[in-house]
Amino acid sequence: MTTDDGPLATAKAQLHQLEQELSHRLEETDQSDSRPKMDSAVGRLTFMDEYQQHQMAEHGRRNAESQLARVRAALVRVEDGTYGKCARCGIDIPPERLEYMPEAPFCIQCQG
Ligand SMILES: [Zn+2]
């Protein structure tokens, strides 16, 4: 059986799609200037609102960045032939887990 077939190919396609989505999202947040502005007639409340939104955007951005790193690491493991095995203890990661989170590097026990 070739690696271009079966669950591995599905995982690979999913990972590629995730990679694209995440890099796209990061590009968008790069372009939108979400820094809070103190100028003009914005009141303190508005400033706090903007600040909070900025914090949330930052949080989402950091999440996207770390997920992207995991996705890329998973793609390397696909090429290595070690994808689907826990990077710590080496057991097979349950398929349900990979379906839910294709970039997962660890089994549930090691992640826990
Ligand atoms: Zn493990």
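Residues numbered from 1 in each chain as written. Predicted model: local features only at pLDDT ≥ 70, side-chain atom pairs only at ≥ 80, totals over all residues. Heavy atoms only, no water.

Draft legend 1. Looking closely at the coordination of the zinc ion. The coordination sphere of the zinc ion contains the protein donors C86 (SG), C89 (SG), C107 (SG) and C110 (SG), at a distance range of 2.3 Å. Bound by four donor atoms, the zinc ion shows angles of 105 to 116° at the metal and therefore tetrahedral coordination geometry. Spacing between the donor residues of the zinc ion along the chain follows C-x2-C-x17-C-x2-C. A residue pair is termed long-range when its members are at least 10 positions apart, and C86 in the loop between α2 (44–80) and α3 (95–100) and C107 in the loop between α3 and α4 (108–111) qualify at 21 residues. (Donors = N, O, S within 2.8 Å, 3.2 Å for Na, K, Ca; no water. Tetrahedral: all angles 85-135°; square planar, octahedral: opposite > 155°, others 65-115°. Helix = DSSP H or I, 4+ residues; strand = E, 2+ residues; numbered from the N terminus.)

Draft legend 2. Molecular detail of the pattern of salt bridges. Within this structure, the stated rule accounts for six salt bridges. One salt bridge connects E58 with R62, and the closest N-O pair in it is separated by 3.2 Å. Taken together, the positions of E58 and R62, both in helix α2 and four residues apart, correspond to about one turn of that helix. Judged by its relative accessible area of 28%, E58 is partly exposed. For R62, a relative accessible area of 51% corresponds to the exposed category. (Salt bridge = Lys/Arg side-chain N within 4 Å of Asp/Glu carboxyl O. Buried < 20%, exposed > 50% of the residue type's maximum accessible area, 1.4 Å probe, protein only.)

Draft legend 3. Representation of the layout of surface pockets. Of the voids in this model, the largest pocket is the one considered here, and its volume is about 260 Å³. Lining the largest pocket are 13 residues; nearest its centre among them are P7, L8, A11, Y83 and L98. Elements that contribute at least two residues to the lining of the largest pocket include exactly α1 (6–31) and α3. Considering every element that reaches the lining of the largest pocket, the biggest residue donor is α1, with five residues. Residue composition of the lining of the largest pocket, grouped by class: eight nonpolar, three polar and two charged. (1 Å grid on protein atoms, 1.4 Å probe; cavity = no way out; pocket = protein on both sides within 12 Å on 5 of 7 lines; lining within 4 Å. Points joined across faces, edges and corners; volume = space filled by probe spheres on them. Nonpolar A, V, L, I, M, F, W, Y, C, P; charged D, E, K, R; others polar.)

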